[in-house]
Amino acid sequence: YPHLRAAGYTCLRVPEHADVRQLLKCQLAVTARHDGVLQDATSVQPHGAVDDLFGRYDGPLGVEIRRSESSLDGARQLSPITGVAVRVWAPTARAVTLRLFDGPTG
């Protein structure tokens, strides 16, 4: 992200011994201290690091409803649902929750 440096932002490096993959699964912050007294703090935006470490995912994402096709007198009809695939790409997620409902509510 050279445009960030050109805009005057400071680019920081983590120590070589740090487990960056594990750090990216946590909430990160940077603090500034003077004589041990906290002066400022901000969150870290690790988007570039996630791309660099885990690569970019270019496969299918989202929900796919599978149905088998049947025909009735040459007209195509959709049969009942035969399966559902849900695909997410969340390399730093600790958990993913999928909530399924029988139908709409409200």
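For the structure, see preceding data.
Residues numbered from 1 in each chain as written. Predicted model: local features only at pLDDT ≥ 70, side-chain atom pairs only at ≥ 80, totals over all residues. Heavy atoms only, no water.

J.: Where do I start with the overall build of the protein in this structure?
T.: When helices and strands are tallied, the protein shows three helices and four strands. Element order for the protein, N to C, with α for helix and β for strand: α-α-β-β-α-β-β. In terms of its C-alpha atoms, the protein occupies a principal-axis envelope of roughly 80 × 35 × 30 Å. For the protein, with 106 residues in total, the buried portion stands at 6%. Considering only intrachain contacts with a sequence separation of at least 6, the fraction spanning at least 24 residues in the protein is 35%. Taken as a whole, the protein presents about 9700 Å² of accessible surface, with 52% of it coming from carbon and sulfur. (Helix = DSSP H or I, 4+ residues; strand = E, 2+ residues; numbered from the N terminus. Buried < 20%, exposed > 50% of the residue type's maximum accessible area, 1.4 Å probe, protein only. Contact = heavy atoms within 4.5 Å. Areas by Shrake-Rupley, 256 points an atom, 1.4 Å probe, with all protein chains shown as cover.)

J.: I would appreciate a short explanation of unusual backbone geometry in the present structure.
T.: Note on backbone geometry: most residues besides glycine have negative phi, and most peptide bonds are trans. A positive phi angle is found at Asp 35, which is not glycine, with a value near 55°. Take Asp 35: it is sitting in the loop between β1 (29-34) and β2 (37-43).

J.: What am I meant to see in the packing of aromatic side chains here?
T.: Each aromatic ring pair is summarised here by two numbers: the centre-to-centre distance and the angle between the ring planes. Summed over all chains, the structure comprises one aromatic pair. Between the aromatic rings of Tyr 57 and Trp 89, the centroid separation amounts to 6.4 Å while the plane-to-plane angle is 15°, which identifies the pairing as stacked. Taken together, the positions of Tyr 57 in the loop between α3 (47-54) and β3 (62-72) and Trp 89 in the segment after β4 (75-87) put the pair 32 residues apart, joining distant regions of the chain. Judged by relative accessible area, which is 34%, Trp 89 ranks as partly exposed. (Phe/Tyr/Trp six-rings, centres within 6.5 Å; stacked < 30°, edge-to-face > 60°.)

J.: How do you make sense of a nonpolar patch on the surface when you look at a structure like this?
T.: A cluster of nonpolar residues, Val 63, Ile 65, Ile 81, Val 84, Val 86, Val 88, Val 96, Leu 98 and Leu 100, forms a patch on the protein surface that exposes about 890 Å² of accessible area. The set of elements that each furnish at least two residues to the nonpolar patch consists of β3 and β4. The biggest single contributor to the nonpolar patch is β4, with three residues. (Patch = residues over 30% accessible without salt bridge, like charges linked within 9 Å, V, L, I, M, F, W, Y side chains within 5 Å. Salt bridge = Lys/Arg side-chain N within 4 Å of Asp/Glu carboxyl O.)

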